[in-house]
Amino acid sequence: MIELKAVAHRGDSENFTENSIASYEGAIKCGADFIEADARQAADGEIVCCHDPDLNRIAGIDKLISDCRLDELMDTKIDDSQTLQSLRNVLQLAKDRIEVLVDIKTTDLDVVEGVFKLVQEQEMFSSVVFGVRDLEQLIYLEGQSYTTRCLGLVGNYNDVITFFENGAEAVRIWEDDLNQPNAQKALKEKKTVWVTAGFRSKGEAPGFITTARLKGLQQLGVTAVLLNNPSLVTGT
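This report concerns the structure included in the present document. This structure is a prediction, so every number in the text was calculated from the model and none was measured.

What about helix α9 (residues 211-220)?
Moving on, step 1. Every buried residue belonging to α9 is among Arg213, Leu214 and Leu217, and all of these are buried. Projection of α9 onto a plane perpendicular to its axis shows the buried side chains occupying an angular sector of 105°, all on one side. Set apart from the buried face of α9 by more than 90 degrees, the exposed residues are Ala212 and Gln219.
Moving on, step 2. Among the structural elements, β9 (193-196), β10 (224-227) and α10 (231-234) are those in contact with the buried residues of α9.
Moving on, step 3. In the stretch just after α9, Gly221 is the one whose phi turns positive, near 95°.

This is how it looks when you write it as structure tokens:
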């Protein structure tokens, strides 16, 4: 049995369009522990769930997310039946059903403040993990009067220990970077390490993994894995 926490990468994106209502519902149905929702700020300051900075790949439209209002984005078809979603909608969908990792895609503070306000509005601090890329974002969240749960999406593995020292609950390491010295140190010290599946060096899509590799992560002491097919962990 695989005992890792299953974090559905952009929802159940193996079987449904990423960051769509269908993908999030699919993740809940198969028993994932978390859904991961990407967060970017629209032109009107609202938060939309989209991985890319633009609409090219997902919708074939040459526009930046930051240049579009939320209502425009939520009218944007990302397949025949699904549209982009606001983070507010996704939090409401998840509330009392599944925990949420909000992957904040940029390093600015404005988007962090926007995400924080939405989590506060939904009273979901206990069930949301803030995925932050910048130490300033972490310090901002840790300085709030509410207890926040933060995952360090570290870009430089020299920062792993610094993120833990400044209050991060966990750090995220890419699967093909687990041999990095600070990743090894964190695991050896039994820190909480989450892994994004996929060997980028081999051209694998982020979130791709095999059952054998999941078992290997468990043996290393990894706590959670971001993967496209959460059923590989849940068995459903």
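More follows now that the structure is in view.
Regarding unusual backbone geometry
Moving on, step 1. One non-glycine residue with positive phi stands out, namely Arg10, at about 60°.
Moving on, step 2. When you line up the elements, Arg10 lands in the loop between β1 (5-8) and α1 (21-29).
Moving on, step 3. Here Glu123, not a glycine, exhibits a phi torsion of approximately 55°, which is positive.
Moving on, step 4. Mapped onto the secondary structure, Glu123 falls in the loop between α5 (109-122) and β6 (128-132).

Quick look at α5
Residues three or four positions apart in an α-helix share a direction because the helix packs 3.6 residues into each turn.
Moving on, step 1. Here α5 is 14 residues long and its end C-alpha atoms lie 20 Å apart, about the 20 Å a rise of 1.5 Å per residue gives.
Moving on, step 2. Regarding α5, the residues found buried are Val111, Val112, Gly114, Val115, Phe116, Leu118, Val119 and Gln122.
Moving on, step 3. The backbone nitrogen of Val111 lies 3.3 Å from a side-chain oxygen of the residue at the head of α5, namely Asp108.
Moving on, step 4. Looking at the residues trailing α5, positive phi occurs at Glu123, about 55°.

A few points about the pairing of strand β7 (residues 149-152)
Moving on, step 1. Along β7, one buried face is formed by Arg149 and Leu151 and the opposite face, lined by Cys150 and Gly152, is buried too.
Moving on, step 2. Relative to β7, β6 runs parallel, the two being bridged by 4 bridges. Among the inter-strand pairings, Gly131 is bridged to a residue of β7, identified as Leu151.
Moving on, step 3. For the handedness criterion, the β-α-β arrangement of β6, helix α6 (residues 135-142) and β7 is classed as right-handed.

Each value, and the rule that gives it
- Residues numbered from 1 in each chain as written.
- Predicted model: local features only at pLDDT ≥ 70, side-chain atom pairs only at ≥ 80, totals over all residues.
- Heavy atoms only, no water.
- Buried < 20%, exposed > 50% of the residue type's maximum accessible area, 1.4 Å probe, protein only.
- Helix = DSSP H or I, 4+ residues; strand = E, 2+ residues; numbered from the N terminus.
- Arc of directions from axis to C-beta.
- Contact = heavy atoms within 4.5 Å.
- Expected span 1.5 Å × (residues − 1).
- Polar contact = N/O pair within 3.5 Å; in protein donor to acceptor, adjacent residues only side chain to side chain.
- Pairing = 2+ DSSP bridges.
- Right-handed = clockwise from strand over helix to strand, strands pointing away.

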